[in-house]
Amino acid sequence: MEDNGNKPRGVILILLALALTALIIYGAISLCLSEELVTWGYKDPIVSTTNIRGTIYDRNGRILAIQAPDYGFTVIAEKDKIQQISSFLSDYSDYDAIEIASLLERGETFIPLSSSISNPQKDMINLRIKEESLSGFIEFSEKETRHYPYDIASSILGYASTPTKGSGGIEEMFNDSLKAMGEIGKTTVHGSSITLTLDSEIQAILEEVKREMEIDEDIAIISNKGFIVAYDGKVDEEILNNLVRFITPPSSITTERALTLPSRMLDGISVGSYYLWSDSPQILDLVDRIEKVMKNSGKI
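Notes on the structure in this doc start here. (Residues numbered from 1 in each chain as written. Predicted model: local features only at pLDDT ≥ 70, side-chain atom pairs only at ≥ 80, totals over all residues. Heavy atoms only, no water.)

A short note on the pairing of strand β9 (residues 193-196)
Basically, it comes down to this: Each residue is assigned to one of three classes by its accessible area relative to the maximum for its type, calculated with a 1.4 Å probe on protein chains only: buried under 20%, partly exposed between the two thresholds, exposed over 50%. Under the DSSP-based scheme used, a helix requires at least four consecutive residues in state H or I and a strand at least two consecutive residues in state E, with every element numbered from the N terminus. For two strands to be treated as a pair, DSSP must find at least two bridges joining them.
Residues S193 and T195 point to one face of β9 and I194 and L196 to the other, with burial holding for every one of them. For strand β2 (residues 56-57) and β9, the ladder comprises 2 bridges, and the chain directions are parallel. Following the sheet pairing, I56 is matched in β9 by I194. Here β9 pairs with strand β12 (residues 244-248) via 4 bridges, running antiparallel. Directly across from S193, in β12, lies its bridge partner T248.

Written as structure tokens, this is what we have:
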């Protein structure tokens, strides 16, 4: 029998023809669907591009952490321009020229303004940028930053390096609540706000007295209802859980959390309408000092 060497080649050609036909049909269907979608007014969905991290408040509504813009300059610094740019920016920043040069050499691209400026001032600065041939190297911009208005409770609050990432303290432990989740149809989304049991004034008093007396031990000031209104010491999950009183999602109902005071803090010494707990050997002197400061501040 004669061997037909062309048979495999014929099969391959048939398969290629079938594949080409399938592609042509698929293309025609896709084109029809695309034309129909255009007719229906189809648009790509809007997905959130601005995420606003939730604000952290003390028990009296004072802001302890908030996301807000910093205004300043975006800088593209070529090596031969760093000295000139640094000198220019030092006139409008809290940093001096040497500090700015160091930041730029390390790759920093944003230098904040020392204070807010008016539109006429902005126009004058833009004119100076042009006159000094710095156009393209310096321009006004804003950068969303986490701000902590009071210099207190840093170990409790932690820090948020971005709107979606917290490091340490409340910022990390309650990150899923604070960060904003992207949504289709919204350009800006907000995270949940959190209200702590802390009283920022009493917290400041506690930290100040503790520094003055050089005490290292953990200290808590507790209300007569069993809420921690001030704490300075080692922070763990139990402490953080007992400092978050309310979580309020955007446009939603506030959730009040059930708090259980750590058992070690159930016994304390009265300080006016509060009581103080600590394992410090200087506990009596500490109570006396805090009571005096709180009376002078009108807290008791």
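Next comes the rest of the account.
Here we look at the environment of N60
Selection criterion: Two N or O atoms form a polar contact when they lie within 3.5 Å of each other; inside protein one atom must be a possible hydrogen donor and the other a possible acceptor, and for residues adjacent in sequence the pair counts only when both atoms belong to side chains.
Structurally, N60 is set in the loop between β2 and β3 (63-75). For the pair N60 and L198, spaced 138 residues apart in sequence, the C-alpha separation works out to 8.5 Å. One polar contact links N60 to D199, side chain to side chain, over a distance of 3.2 Å.

Side note on the sheet that holds strand β10 (residues 219-223)
The strands making up a sheet are joined through hydrogen bonds of the backbone, oriented either antiparallel or parallel. Basically, it comes down to this: All axes here are fitted lines through C-alpha atoms, helices being fitted over the stretch that makes contact, and every angle between N-to-C directions spans 0 to 180 degrees. It only takes one pair of heavy atoms within 4.5 Å for two residues to be counted as in contact.
With respect to topology, 4 strands assemble into an open sheet ordered β11-β10-β15-β14, the strand pairing being antiparallel. Here the strands that pair on one side only, and so sit at the sheet edges, are β11 (228-232) and β14 (269-271). Going across the sheet, the axis of each strand differs from the next one's by a mean of 25°, ignoring polarity. Of the pairings in the sheet, the one linking β10 to strand β15 (residues 274-278) comprises 5 bridges and is antiparallel in character. Its bridge partner being in β15, I221 is matched across the sheet by L276. On the sheet, helix α8 (residues 200-213) packs against β10, β11 and β15 and is oriented at approximately 30° with respect to β11. Sheet strands in contact with helix α10 (residues 283-296) are β10, β14 and β15, and its direction is about 15° off that of β14.

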